[in-house]
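Topology and contacts: notes
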Amino acid sequence: MKDKKLLFVTQFEELWFDALQSLMDLRKAGFNHAVFLHVIGRDKVAMHRGKGYLKDEEVKLREMANVRFIDWAESLFEQGMEVGAYIVVGNPLPKIISTAAEEKVDLIVTGRHKRGTFEELYGGSETLEILERTSTPVLVYKYMLPSGKVNERPFERPLLTMDWSPASEKAVEYLLSFKGVLKKVIAVHVIGEKEFKSPSAMEIQSLRKENKQKLEEVCSRFEKEGIEAESHLYVGSTFEQIEKAASEREATMIVAGTTGKSPLKEMLLGSVATKLTKHSVLPSLLVPASVTL
Amino acid sequence: MSRRVLTVDDDPDITMFVKTVLEENGYTPLVARNGEAGLSMARDESPDLIILDVLMPKQSGIRMYRELKSDESLKNIPVIILSGIAKRTFLRSQEALTEFGDQPIPEPDVYMEKPVEPLELAETVKGLIG
């Protein structure tokens, strides 16, 4: 089997070696190649009035990143993994996209970066922009649990959100490729209040039955692969109910398909992906409809 | 004809340094930026010596070294590993790959940890290929 690659993007603010180490379980799903990426923002070395380009500062920042990456790489190499590293200067977004393309990675892992006011307004847009411009799934990795402990096996109990779109179908297929890492999949569909158009109890019960059947079909696909699965229907506002379900069912991660709409559209529509990226306390695995499996 | 030495490293400062040392000592330098390109160049150019980094994009020196030593036409080319990665890590990683089912491979001819002095590098190259 060809080694799958993950691109681990770190600014050394949000993701450290323990985050990387907690993803080593993914080797059971064929992820034997890690590529590290650190982007030195232009603002750190350029655009300083009267000072020009700060070459010495660039060298210092590069070497600081290099020392960290060498240490991380040594640990992974000794486990028999393949490792590569990029330390580049520029804007993070285009660098993430170009590195993902150059290395043909199967998964991009990013943290949630600290943001300014403007960026906060568009919270999560960097991740959505990656999803719009590549067909590679993105794991927004919040690896510290609210308890302060490291989420050691994020793929063990993923909560799979199903909205019956082509993107959520792709999310099912993508998640199936993690066989060997998954212990139990929790498939959830949220029925929005708007869907209760008719006051007829009969029609509402039909709606419940139809969605439950679809969820059971999803579960049986996992069970055929030897992965435990359970299905749950929730009612109400999608993001709040997903968070509630994740908490009640002790999920370790949330998985969602994404439409690939522009970040602005996603934000205006109040998409689940935007909210997961911005607000969820759990890691979010976002799978674009365009992913090639 | 001067002896040809292939340097595989993604750091332009290092390749420039090695290139200069090689040229000053009468060798012809060849350069590749990662293991994938290095392996391809080794096959095309059959260099007399390879100086190989470990941590690189696309394909690491650990995998490239393994491929070199598993290829009948390339396995006799001497290799200097020149890297920031510790020798112990390199050897352990090769052991780990062997445990996963690959064939055992010999240790590199010389292992040098960065940084290296120009004279030390020149003498090491001379010691291997004259």
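The structure contained in this document is the topic of the report that follows. (Residues numbered from 1 in each chain as written. Chains lettered and ligands numbered in written order. Predicted model: local features only at pLDDT ≥ 70, side-chain atom pairs only at ≥ 80, totals over all residues. Heavy atoms only, no water.)

Digging into the environment of A:I40
All names here are of chain A. Inspection of the secondary structure assignment puts I40 in strand β2 (residues 31–41). Sequence separation of I40 and V89 is 49 residues, and the distance between their C-alpha atoms is 4.6 Å. Setting aside anything within four residues of it in sequence, one finds I40 in contact with V45, E58, L61, R62, I87, V88, V89 and G90. (Helix = DSSP H or I, 4+ residues; strand = E, 2+ residues; numbered from the N terminus. Contact = heavy atoms within 4.5 Å.)

Focus on the pairing of strand β7 (residues 184–191) of chain A
Residue and element names in this part refer to chain A. Where burial is concerned, most of β7 is hidden: eight out of the eight residues are buried. Along β7, one buried face is formed by K184, I186, V188 and V190 and the opposite face, lined by V185, A187, H189 and I191, is buried too. In this structure, strand β6 (residues 158–161) lies alongside β7, joined through three bridges in parallel fashion. Bridging across to β7, T161 finds its partner in V188. Note that the unit made of β6, helix α7 (residues 166–176) and β7 has a crossover that is right-handed. Note that β7 and strand β8 (residues 228–235) share eight bridges and pair parallel. From the neighbouring strand, H189 faces β8, where its bridge partner is L233. Note that the unit made of β7, helix α8 (residues 201–224) and β8 has a crossover that is right-handed. (Buried < 20%, exposed > 50% of the residue type's maximum accessible area, 1.4 Å probe, protein only. Pairing = 2+ DSSP bridges. Right-handed = clockwise from strand over helix to strand, strands pointing away.)

Structural notes on unusual backbone geometry
Cis geometry is found at the peptide bond from B:K114 to B:P115, where omega equals -5 degrees. Along the chain, the position of B:P115 falls in the loop between β5 (110–113) and α5 (118–129). Unlike most non-glycine residues, A:W164 shows phi in positive territory, near 70 degrees. Here A:W164 shows up in the loop between β6 and α7. In this model, A:E250 sits at a positive phi of 55 degrees, which is unusual for a non-glycine residue. Residue classification places A:E250 among the exposed residues on the basis of a relative accessible area of 56%.

Overview of the nonpolar core
Among the nonpolar cores identified, the biggest contains 81 residues, and A:F8, A:F36, A:F155, A:L160, A:F222, A:L285 and B:I50 are the most heavily contacted of them. No other element matches the eight residues that helix α3 (residues 55–78) of chain A contributes to this core. Once residues lying within four places of it in the same chain are set aside, the contact partners of A:F155 are A:L23, A:L26, A:L139, A:F178, A:V181, A:L182, A:K183, A:T252, A:M253 and A:L285. Judged by nonpolar contacts, the second largest core, of 34 residues, contains A:I108, A:V188, A:F239 and A:L282. (Core = buried A, V, L, I, M, F, W, Y, C linked by side-chain atoms within 4.5 Å.)

Looking at the packing of aromatic side chains
The way to describe two aromatic rings as a pair is by their centre distance and the angle between their planes. Residue and element names in this part refer to chain A. Within this structure, the stated rule accounts for 14 aromatic pairs over all chains. Ring geometry for F155 versus F178: centroids 4.8 Å apart, planes at 15 degrees, classification stacked. Placement of F155 in the loop between β5 (138–140) and β6 and of F178 in the loop between α7 and β7 is noted, with a sequence separation of 23 residues between them. This pair shows no difference in class: F155 is buried, exactly as F178 is. The rings of F8, F12, W16, F17, F36, F69 and W72 are connected pair by pair, giving a single aromatic cluster. Taking the ring centre of F178 as reference, the NZ or CZ of K4 above it sits at 5.8 Å. One cation-aromatic arrangement involves R68 over F12; the distance from NZ or CZ to the ring centre is 4.6 Å. (Phe/Tyr/Trp six-rings, centres within 6.5 Å; stacked < 30°, edge-to-face > 60°. Lys NZ or Arg CZ within 6 Å of the ring centre and 35° of its normal.)

Bear in mind that shape data such as this cannot, by itself, settle questions of function.
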